[in-house]
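Structural overview for review
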Amino acid sequence: MDKKVTVVGAGNVGATAAQRLAEKGLCDVVLVDILEGVPQGKALDLMEAAPVEKHDAHITGSNSYDETNGSDIIIITAGIPRKPGMSRDDLISTNAGIVKKVVTDVVKQSPESILIIVSNPLDAMCHVALETSGFPKNRVIGMAGVLDSARFRSFIAMELNVSVENTHAFVLGGHGDTMVPLPRYSTVAGIPITELISKERIDAIVDRTANGGAEIVSLLKTGSAYYAPASAAVEMAESILKDKKKILPCAAYLEGEYGINNLFIGVPVKLGTNGIEDIVEIKLTDDEKTRLNQSADAVKELVELLKTLDY
Ligand code: APR
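Residues numbered from 1 in each chain as written. Predicted model: local features only at pLDDT ≥ 70, side-chain atom pairs only at ≥ 80, totals over all residues. Heavy atoms only, no water.

Turning to the packing of helix H4 (residues 122-133) against helix H9 (residues 286-308), a few remarks are in order. Close contact between H4 and H9 brings their axes to 9 Å; oriented N to C, the two are set at 45°. If you check the angle between H4 and H9, you find them oblique. H9 is crossed by H4, and the crossing has right-handed handedness. Across the interface between the two elements, Asp-123, Ala-124, His-127 and Val-128 from H4 touch Val-299, Leu-302, Val-303 and Leu-306 from H9. Partitioned by chemical class, the residues of the contact of H4 with H9 number 6 nonpolar, 1 polar and 1 charged. (Axes fitted to C-alpha atoms, helices over the stretch in contact; angles between N-to-C directions. Helix = DSSP H or I, 4+ residues; strand = E, 2+ residues; numbered from the N terminus. Parallel < 35°, antiparallel > 145°, perpendicular 65-115°, else oblique. Left-handed = near helix turned anticlockwise from the far one by under 90°. Contact = heavy atoms within 4.5 Å. Nonpolar A, V, L, I, M, F, W, Y, C, P; charged D, E, K, R; others polar.)

Here the focus is the nonpolar core. Membership of the largest hydrophobic core comes to 55 residues, with the highest contact counts inside it found for Leu-21, Ile-73, Ile-75, Leu-172, Met-236, Val-267 and Leu-271. Among the elements that take part in this core, helix H8 (residues 227-241) stands out by supplying 8 residues, more than any other. Setting aside its immediate chain neighbours within four residues, Val-267 contacts Leu-172, Leu-248, Pro-249, Cys-250, Ala-252, Leu-254, Tyr-258 and Ile-279. (Core = buried A, V, L, I, M, F, W, Y, C linked by side-chain atoms within 4.5 Å. Buried < 20%, exposed > 50% of the residue type's maximum accessible area, 1.4 Å probe, protein only.)

Time to look at a negative patch on the surface. A cluster of acidic side chains, namely Asp-89, Asp-90, Asp-177 and Glu-301, defines a negative patch on the protein surface. For Asp-89, the location among the structural elements is in the loop between strand S4 (73-76) and helix H3 (92-109). Assessed through its relative accessible area of 37%, Asp-89 is described here as partly exposed. (Patch = residues over 30% accessible without salt bridge, like charges linked within 9 Å, V, L, I, M, F, W, Y side chains within 5 Å. Areas by Shrake-Rupley, 256 points an atom, 1.4 Å probe, with all protein chains shown as cover. Salt bridge = Lys/Arg side-chain N within 4 Å of Asp/Glu carboxyl O. Lys, Arg positive; Asp, Glu negative; His and termini not counted. Charge placed at Lys NZ, Arg CZ, Asp CG, Glu CD.)

A separate point is the site of the ligand. Lining the immediate environment of the ligand, one finds 20 residues, of which Asn-12, Val-13, Asp-33, Thr-77 and Asn-120 sit closest. Backbone polar atom of Gly-79 to an oxygen atom of the ligand: 3.4 Å apart, as the coordinates give it. In the model, an oxygen atom of the ligand is placed 3.3 Å from a nitrogen or oxygen of the Ile-80 main chain. Out of a free accessible area of 730 Å², the ligand has 86% covered by protein chains. Mapped onto the shell around the ligand, the elements with two or more residues apiece are helix H1 (12-23) and H3. Among the elements that take part in the shell around the ligand, H3 stands out by supplying 3 residues, more than any other. The residue makeup of the shell around the ligand, split by class, is 11 nonpolar, 8 polar and 1 charged. (Near = heavy atom within 4 Å. Polar contact = N/O pair within 3.5 Å; in protein donor to acceptor, adjacent residues only side chain to side chain.)

With respect to the helices and strands, Thr-194 occurs in the loop between strand S11 (191-192) and helix H6 (199-210). On the accessibility criterion, Thr-194 (43% relative accessible area) is partly exposed. When the C-alpha positions of Thr-194 and Lys-100 are compared, they lie 43 Å apart, and in sequence the two are 94 residues distant. Setting aside residues up to four positions removed in sequence, Thr-194 forms contacts with Pro-183, Arg-184 and Ile-202.

Moving on: unusual backbone geometry. Going from Asn-120 to Pro-121, the amide bond is cis rather than trans, its omega being 0°. Backbone geometry places Asp-243, a non-glycine residue, at a positive phi of 50°. Along the chain, Asp-243 falls in the loop between H8 and strand S12 (246-255). According to the relative accessible area criterion, Asp-243 is partly exposed, its value standing at 32%. Phi is positive for Tyr-258, close to 55°, though the residue is something other than glycine. With respect to the helices, strands and loops of the structure, Tyr-258 is situated in the loop between S12 and strand S13 (261-272). Note on Tyr-258: relative accessible area 12%, which makes it buried.

Next up on the list: the domain arrangement of the protein. Parsing the protein into structural domains produces domain 1 (4-142) and domain 2 (145-308). A separation of 21 Å is found between the C-alpha centroids of domain 1 and domain 2. Domain 1 puts 39 residues into the contact, and the matching count from domain 2 is 44 residues. Of the roughly 3400 Å² buried at the junction of domain 1 and domain 2 (both faces included), carbon and sulfur atoms supply 72%. Interface area lost by domain 1 to domain 2 is led by Arg-88, Asp-123 and His-127, which between them contribute 18%. The tally of links between domain 1 and domain 2 comes to 1 salt bridge. The residue Glu-255 makes a salt bridge to Lys-137 at a minimum N-O spacing of 2.7 Å. If you look at where domain 1 meets domain 2, you find 9 residue pairs in polar contact (both at pLDDT 80 or more). Where the side of domain 1 that touches domain 2 is concerned, the elements lending two or more residues are H1, S4, H3, strand S5 (114-117), H4 and strand S6 (140-142). Tallying contributions element by element places H4 first for the side of domain 1 that touches domain 2, with 7 residues. (Domains from an automatic or database assignment. Buried area = accessible area lost by both parts, 1.4 Å probe.)

Listed below in C-alpha cells is the structure:
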C-alpha cells in the first residue's frame, strides 16, 4: 500500500486500531511494543486473517523503530490503562515518561509524520508529544472528542431508537469529567436533540457520556475501553490519509481560539493531508463558555503538574 501507519503500543487499543486500519484497506501497519513477541505475534495473526477479510495491507510487528521509517501517521497508544477507581489523571507520571520516550524514537524515523495521541491523560500527553517532537502544532493531534461524541451519539440513538447514522454530536473541552457536550449542536437527521428529548433525559445522557470511560472500566475491571477508542483514532487517520477534510472534534493546540492560549483542548478541527488544516470556532453561550473555561482550567492544572514531574 502507498500509505504507512505506525501504531505504538500493541495492547488493546493499539492492536484493535491496527486491525481496523488493515481491514479498511487504508495502509500498511507497523505495530511496535516493548513486550517481546507481542507485536510480532499480533501482526502475524492479523496477516493470517487477511485472506478471509480480503485486504492486502501488510502488517508487521517489532520491538524497534527501524521498521517505522517514513510513516505518514504515528498513533501512540503506549502506556498503562486505568483500573477501577482510577481517574485518567492518575496515569500522568508513568504515561508522560512512556510518551516522551516513544515520541523521541518515532520522530527520528518519521520526521514528516503526523502524531495522533491516544494515551491518557490525553490533553496532557499531547503537550508532552508537542514539546518532545518539536513538530508544528498542526501535526500533533489528540484523540478524545471523536470517542466522546461517538459515545454521545450511541446513547442518543439508544434513547430514540433510531439509526446511529442519523446522529451527530458535538463535544468540546478536555477528555475528562469536565468535557462539554453541546446538546443544541447535537442532532438526529438534522433536528437538534433539544427538540426531541426532554431536558431531564438529555442531562442524563450528557452525564453518561462524560463518565463513559469510567463505565467501561468498572465493567472490565482489568483495563479500559478499546473498541471505540480504536475506531475513533482510525476515523481521524482515515480523514488524514485520504485528505477527506472531515470536521472532527479533536484535541488541538490553541493559540487564542475560543479565548484559550497555549493549551491542548477538544475543539472541532478539519483533518486532511496536513493534519489539522483549520480550527472551527463556533459561537458559544455564556454558560457553554464558562464550562469550556472550567474544562481548560482542569487541563491547565495537569500541564502545570507535568512541569513539576521528573519523567
Ligand atoms: N513503548 C512501546 N510500548 C509500550 C511502552 C513503551 N515505552 N510502554 C508500554 N507499552 C505498551 C504495553 O506493553 C502494552 O502492550 O503499551 C501497551 C498498552 O496496552 P494496554 O495495556 O492493553 O492498554 P490500552 O487499553 O491499549 O490503553 C493504552 O490508551 O486509552 C488509552 O488510557 C489508555 O493510556 C492508555 C492507552
